[in-house]
Amino acid sequence: MEPLRAVRGMNDVLPGETPSWQRLEAAFSRMAGLHGFCEVRTPYVEPTALFARAIGETTDVVEKEMYSFVHHDDALTLRPEGTAGAARAYIEHKVHDREPVTRWWYIGPMFRAERPARGRYRQFFQAGMEIFGDPGPACDAELIDMLMGFLGTIGVREAEVLLNSLGEGESRARYRDALRAFLLPHQDALSVDSRRRLDTNPLRILDSKSEQDQEIVKTAPTILEHLSDADRAHFDGLRRLLDGLGTPYRVEPRLVRGLDYYTRTLFEIQGAKDKLGAQAALLGGGRYDGMIESLGGPATPAIGFAAGIERLLVAADPPAVKRVVDVLVCPLGQAALSKGLELGRELRRSGTATEVECRGASMKSMLRRANALGASIAVVVGDAELSAGIVQMKELAAHSQQAVPRDQIVALVARRVAELGGAS
Ligand code: AMP
């Protein structure tokens, strides 16, 4: 029978890879805690209308990439990103009534029916943060600076911040008109999607994946030329703060990103282009000062970002040596098995990660397994030695062996594991 396979674009993370995931997740939650963010967990499924309203009807995500379905009479969608759900929860639980500023972080799977490629999946994980109630630009600068520090700690080199401002309603409306006027004479050369968006959402054309469209927009007017005084002051303020922090960035006036909700600050951090190629956007974010109100909450400024975990893992340094357990207990012969299990239990109680080889294997194959598990010590339990009250302790890296009294082995192993830099 043909074996079943995972859904295309959805990946298994096997135990060989989970230590890298755990390390990254721990680093992220630690950084979040250091900056006063609390973890929020929202459902993986939300009403379809939430994404249509928050992300924008005419975005690629909403038009083409959502996993939507109707269950009984409810139109539901597997969340394609985390901000809309967080905003909904913020409003639904009236968090704004209790806290002037709210800082949340999350990690979890997102779902988009995109064409799978290296670094682009249909189920992927994002780690993100949202700040509600702070108009910036100081917290915008804090986030960007924090992210560059974070990328450094996980070993991502050559990360680059791309920065833009999309302005607010008035600036956007003026820019939309200017962009449409620029694009109209080129409309026959635009892709079908972009031609359609000329009326509905011309800003999206700047973000088109079509090479032909990209060629045309290269010379288009930029939003920065159309910012209102207040928007300009916000952007200049952010730039000054980043300069003051010594955080480098490149102003990229045609950066728009795929979600419609952004206002003012918009950023993307790219890195590891050699490994990620076209998918080098490690994370992206920006302000969405209008979203809370448009979803039925009080007018509340907000900013957030989301980083793709799979891409960060490719870009980051690999973790140090793989270590599943510190000790493999090797019982020699059936009679020693129960003594081996007992010793395993004692070692674990003393805090040493231990596996007991239960298959009745040969010495050679047990030692091979100890190495494969990354153990630093093998404790050989044989009938003859046990009746003499001793076990054999082998240090694998040093290829050394010593006879140790049974009643001293647990303490000695714990000490040696700590000296050798063990996992437990
Ligand atoms: P976005 O939510 O589109 O702003 O994307 C934020 C980040 O999530 C990107 O910079 C990527 O690192 C990651 N990301 C977005 N879409 C995908 C995908 N289909 N597969 C893997 N990572 C993704």
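In this numbering scheme, every chain counts its residues from 1 along its sequence in written order. Totals for whole chains, interfaces and linings use every residue, but because this is a predicted model, local features are given only for residues with pLDDT of at least 70 and side-chain atom pairs only at 80 or more, for both listing and counting. In computing side-chain values, all of the structure's heavy atoms are included and hydrogens and water are not.

**A closer look at the packing of helix α2 (residues 48-55) against helix α4 (residues 83-92)**
Right, so step 1: Two numbers describe how α2 lies on α4: the axes approach to 9 Å, and their chain directions differ by 105°. Comparing the axis directions of α2 and α4 gives the class roughly perpendicular. Residues Leu 50, Phe 51 and Ala 54 of α2 lie in contact with α4, whose contacting residues are Ala 84, Gly 85 and Arg 88.
Right, so step 2: When its residues are assigned to classes, the contact of α2 with α4 shows four nonpolar, one polar and one charged. Between the N-to-C directions of two axes lies an angle of 0 to 180 degrees, each axis being a line fitted to C-alpha atoms and, for a helix, fitted only over the stretch in contact. Think of it this way: any DSSP run of H or I at least four residues long counts as a helix, any run of E at least two long counts as a strand, and we number them from the N terminus. Working rule for angles: under 35 degrees goes down as roughly parallel, over 145 as roughly antiparallel, 65 to 115 as roughly perpendicular, anything else as oblique. Note on contacts: a residue pair qualifies if any of its non-hydrogen atoms lie within 4.5 Å across the two residues. Under the scheme applied, nonpolar residues are Ala, Val, Leu, Ile, Met, Phe, Trp, Tyr, Cys and Pro; charged residues are Asp, Glu, Lys and Arg; polar residues are all the others, including Gly.

**Considering the sheet that holds strand β9 (residues 263-270)**
Right, so step 1: Pairing between strands requires that DSSP locate at least two bridges from one strand to the other. Overall, mixed pairing links the eight strands, which are arranged β1-β5-β6-β11-β10-β9-β7-β8 in an open sheet. Each edge of the open sheet is held by one strand with a lone partner, namely β1 (38-39) and β8 (250-251).
Right, so step 2: Both strand β7 (residues 160-165) and β9 contribute to a ladder of six bridges, which runs antiparallel. In the sheet register, Asn 164 faces β9, and the bridge partner there is Leu 266.

**Focus: the state of the cysteines**
Right, so step 1: Criterion for a disulfide: a pair of cysteine sulfur atoms at a distance within 2.5 Å. Following the criterion strictly, the structure yields zero disulfides and no others.
Right, so step 2: No disulfide involves Cys 38; its nearest neighbouring cysteine sulfur is the one of Cys 139, lying 16 Å away.
Right, so step 3: No disulfide involves Cys 358; its sulfur sits 11 Å from the nearest other cysteine sulfur, which is in Cys 330.

**Observations regarding the packing of aromatic side chains**
Right, so step 1: The criterion for an aromatic pair is that two Phe, Tyr or Trp rings (for Trp, the six-membered ring) have centres within 6.5 Å, with stacked assigned to planes under 30 degrees apart, edge-to-face to planes over 60 apart and tilted to the rest. Enumeration according to the criterion identifies ten aromatic pairs in this entry.
Right, so step 2: Taking 6.3 Å as the distance between ring centres and 65° as the angle between the ring planes, the aromatic pair formed by Phe 28 and Phe 305 counts as edge-to-face. With Phe 28 in helix α1 (residues 18-34) and Phe 305 in strand β11 (residues 302-308), this pair connects stretches of sequence that are 277 residues apart.
Right, so step 3: Relative accessibility thresholds used throughout: buried, under 20% of the residue-type maximum; exposed, over 50%; partly exposed, between the two (1.4 Å probe, protein chains only). A relative accessible area of 2% places Phe 305 in the buried class.
Right, so step 4: Ring plane angle 80° and centroid distance 6.4 Å describe the contact between Phe 132 and Tyr 288, whose orientation is recorded as edge-to-face. Of this pair, Phe 132 sits in strand β6 (residues 123-132) while Tyr 288 sits in the loop between β10 (281-287) and α12 (291-294); the two residues are 156 residues apart in sequence, bridging distant segments of the chain. For the pair Phe 132 and Tyr 288, a shared accessibility class is recorded, and that class is buried.
Right, so step 5: Each member of the aromatic cluster is reached from another via a ring pair, and the members are Tyr 90, Trp 104, Phe 132, Tyr 261, Tyr 262 and Tyr 288.

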